[in-house]
Every structure is written in structure tokens, then in C-alpha cells.
Amino acid sequence: MPPFLYIFLGALAIVSALGVIVQRNPIHSLLSLISTLLTIAILFIGENAVVVGFLQIIVYAGAIMILFLFVIWLLNLQVESGPTGHLALKAFGSLGAALLVTELFFLLAPPHLQVKFTQEPAGYGSLASLAGKLFTDYLVAFEVTSLLLLAAVVGSIALARRLPVVVEEPQPRVVEKIAS
Amino acid sequence: MIPLTYMMSLSAIIFAIGVAGVIIRRNILVMFMSIELMLNAVNLAFIAIGSRLGSMDGQVIVFFVMTVAAAESAVGLGIIISTFRNRETVHADELTLMRW
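These numbers were taken from a predicted model, which means no experiment stands behind them.

> What is the right way to look at the environment of Ala16 of chain B in this model?
For Ala16 of chain B, the position within the fold is in helix α1 (residues 4-24). What makes Ala16 of chain B buried here is its relative accessible area of 2%. Apart from the residues within four sequence positions on either side, Ala16 of chain B is in contact with Ala97, Leu100 and Val101 of chain A.

Here it is as C-alpha cells:
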């Protein structure tokens, strides 16, 4: 990718990331977040991580963001009225973020971050090389991740499930416990 | 190829915006979105360094981060729904009790 495209995409990512935190309406925040994720996906593809870039679009900008959208609809969230949060908190948050950026700049400046530049091997970023790495060196982590996903599915169903309302009163204490 | 410093700076700025979002915003859902923003900033750094080193490890780790983020958002949104059902709010300052 030509350098000006990187600059443009970087600016777009920063602006839409700022949009996530300044928008009043959660839907607008979500749309800004999707825009950020798509921009980052294009940057991934520009960095020769083609498969991961498309996975980012499908999994993140597609699946996870739709989940957020459904939750916003389900909760019927409206535009926040009135001032959100305290002014001191906002000042503290902005100051903290600025300090964090400065600190990260110093940490990631070239004298500290010495990366030995290597030419990318042939087939870098392809599906075959990703899968080859995933199913040899990272096989255990891959299997553990599948267990994690299973646990997350069961856990989220258990959490979001509506508790059954008990109508009879053979055990009044149980009813009270559920209702409270 | 664009210098590594540019990509790392971009990643640092997006990460800091995510941190600011978690601190400033009081809507739980928007705080959650800011967490996703931070995860993506880290992914960007992984991809940038991995492509400079010519190693696939960065991309594999990004793959795992994405999977964990999917699990995390499923569980987190489940928690938000069940909290909202009981308390009728998504405002973080109004959620001060661990029980309901």
C-alpha cells in the first residue's frame, strides 16, 4: 500500500475511535466502532495479514458488532439526556489518556524497540501458513480456545436466561429469594 | 513499507482512546465498546511487528485474541442483559451493589 493510504487510514481510524467515545447515542458509538474495525482490517491486509484481516471483518465487524446491535435494540437504549459523567472525571480521563500516549511513545520509540527487520518468507499471511502454524505449534492453545468458546456459550445462556417465575407457594422462602 | 514507528503510534493512540472511553463514559455498553477498541489496538501492534519480523506468530496470536474477544463479548453482553432486567439501567454509577 502507498504511504499516503496508510496516513489516510490511520487518521480515519483515530477519528472514528474518538467518535466511539464522544457520541451520545449508543447506536452512533457502535457505527463508529464498526468503522474503526473495518479501517483496522484494511490496515491488516496492507500489512500482508490477509486472512486475519478478512477474519477481522467477518468475526469482529460482522458477528460481534451484530451482537452489540441486538443488545442495544433489546435494551431499547435512547440518547443519553443531560450531562454524562462528571467534569472532573472527563478531565482526569483525558489527561490520563494523554499521559498514556506519551508514555507509549517513549516506550515504543526506536532505541527501545529494536526489531530486526526480516524479509517475509514466501506465502506469508496466507491461509496455509496460518493454518500450518495453528495446527502444529499452537495446537494445545487452539483446543483450549474451543473449550473456552463452549464455556462462553453455556455461560452466556445461563446468564441471560429469564428465571422461571414460581406461582405456587409451597415454599414461600424460595419465591422471596427469586423475587428479591 | 511504512515505518514501524507509525504503526505503533497509531496503535498507542487507539489504545489510549479506549482507556479514555472506559474512564469517561458511564454507559456500560459504551465502556464495553471501548474495551473492544483496546483489544484491536493491541492486535494492530501484533500484526505490525509480526510482519516486520517475517513471523506468523503475531497473526496466530491475533487469531486467538479475536476468539477470546468473541467469548468475552458474549458473556459480557449476557451480564449486561441480566443486569438490565433486574435494575432497568445501564448507567455504571447507578450499579453500586454486587447483588440485586
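> Which parts of the structure should I look at to understand the domain arrangement of chain A?
Quoted interface sizes are often the accessible area lost when the parts come together. The domains assigned to chain A are domain 1 (1-78) and domain 2 (126-160). Once you take the C-alpha centre of each, domain 1 of chain A and domain 2 of chain A turn out to be 23 Å apart.

> Can you walk me through the interface of chain A and chain B in this structure?
Listed as interface residues are 80 residues of chain A and, on the opposing side, 71 residues of chain B. The largest per-residue losses of area from chain A upon contact with chain B belong to Ile21, Glu47 and Phe68 of chain A, which jointly make up 10% of the total buried on that side. Residues Asp57 of chain B and Lys133 of chain A are paired through a salt bridge, measuring 3.4 Å at the closest nitrogen-oxygen approach. Between the two partners, chain A and chain B, sit 12 residue pairs in polar contact (both at pLDDT 80 or more). Mapped onto the side of chain A that touches chain B, the elements with two or more residues apiece are α1 (3-22), α2 (26-46), α3 (50-75), α4 (87-108), α5 (127-134) and α6 (139-160) of chain A.

> Mind showing me how you'd approach the nonpolar core here?
Among soluble globular proteins, nonpolar side chains are generally buried collectively. The biggest cluster of nonpolar side chains holds 63 residues, and the ones touching the most others in it are Phe44, Val52, Met65, Phe68 and Leu75 of chain A together with Leu29 of chain B. For this core, the secondary structure elements donating two or more residues are α1, α2, α3, α4 and α5 of chain A together with α1, α2 (28-53) and α3 (57-87) of chain B. By residue number, the principal contributor to this core is α3 of chain A, which donates 11 residues. Two domains each put at least three residues into this core: domain 1 (1-78) and domain 2 (126-160) of chain A.

> Before we go on, may I ask you to explain unusual backbone geometry in this structure?
The bulk of non-glycine residues show a negative phi, and the bulk of peptide bonds are trans. With phi around 70 degrees, Asn48 of chain A is a residue other than glycine that occupies positive phi space. Note on placement: Asn48 of chain A falls in the loop between α2 and α3. Looking at Asn48 of chain A, the relative accessible area reads 28%, which means it is partly exposed. The phi dihedral of Glu88 of chain B falls on the positive side, at around 60 degrees, and the residue is not glycine. The residue Glu88 of chain B is located in the segment after α3 in this model. The exposed category is assigned to Glu88 of chain B, whose relative accessible area is 58%.

> Can you walk me through the packing of α1 of chain A against α2 of chain B in this structure?
Each pair of packed helices can be summarised by the angle the axes make with each other and by the distance between the axes. Following both chains from N to C, one finds α1 of chain A and α2 of chain B inclined at 160 degrees, their axes separated by 9 Å at the closest point. One finds that α1 of chain A runs roughly antiparallel with respect to α2 of chain B. Considering how the two elements wind past one another, α1 of chain A and α2 of chain B form a crossing that is left-handed. On α2 of chain B, the residues touching Ala17, Val20 and Ile21 of chain A of α1 of chain A are Val30, Met33, Ser34 and Leu37 of chain B.

> Even after reading the chapter, I still don't get the packing of aromatic side chains, so can you show me in this structure?
One pair of aromatic rings is described through two measures. These are the centre distance and the angle between the planes. In total, this model carries five aromatic pairs over all chains according to the counting rule given. Judged by centre distance (5.6 Å) and plane angle (45 degrees), the rings of Phe68 of chain A and Phe32 of chain B are tilted. Linking Phe68 of chain A in helix α3 with Phe32 of chain B in helix α2, this pair reaches from one chain into another. What makes Phe68 of chain A buried here is its relative accessible area of 0%. Consider the rings of Tyr138 of chain A and Phe64 of chain B, whose centres lie 6.1 Å apart with planes at 55 degrees: the pair is tilted. Placement of the pair is Tyr138 of chain A in the loop between α5 and α6 and Phe64 of chain B in helix α3, with the two residues belonging to separate chains. Taken as a pair, Tyr138 of chain A and Phe64 of chain B share a single burial class, namely buried. Grouped by ring-pair contacts, the aromatic residues Tyr138 of chain A together with Phe63 and Phe64 of chain B constitute a single cluster.

Reading the values: rules and limits
- Residues numbered from 1 in each chain as written.
- Chains lettered and ligands numbered in written order.
- Predicted model: local features only at pLDDT ≥ 70, side-chain atom pairs only at ≥ 80, totals over all residues.
- Heavy atoms only, no water.
- Helix = DSSP H or I, 4+ residues; strand = E, 2+ residues; numbered from the N terminus.
- Buried < 20%, exposed > 50% of the residue type's maximum accessible area, 1.4 Å probe, protein only.
- Contact = heavy atoms within 4.5 Å.
- Domains from an automatic or database assignment.
- Buried area = accessible area lost by both parts, 1.4 Å probe.
- Salt bridge = Lys/Arg side-chain N within 4 Å of Asp/Glu carboxyl O.
- Polar contact = N/O pair within 3.5 Å; in protein donor to acceptor, adjacent residues only side chain to side chain.
- Core = buried A, V, L, I, M, F, W, Y, C linked by side-chain atoms within 4.5 Å.
- Axes fitted to C-alpha atoms, helices over the stretch in contact; angles between N-to-C directions.
- Parallel < 35°, antiparallel > 145°, perpendicular 65-115°, else oblique.
- Left-handed = near helix turned anticlockwise from the far one by under 90°.
- Phe/Tyr/Trp six-rings, centres within 6.5 Å; stacked < 30°, edge-to-face > 60°.

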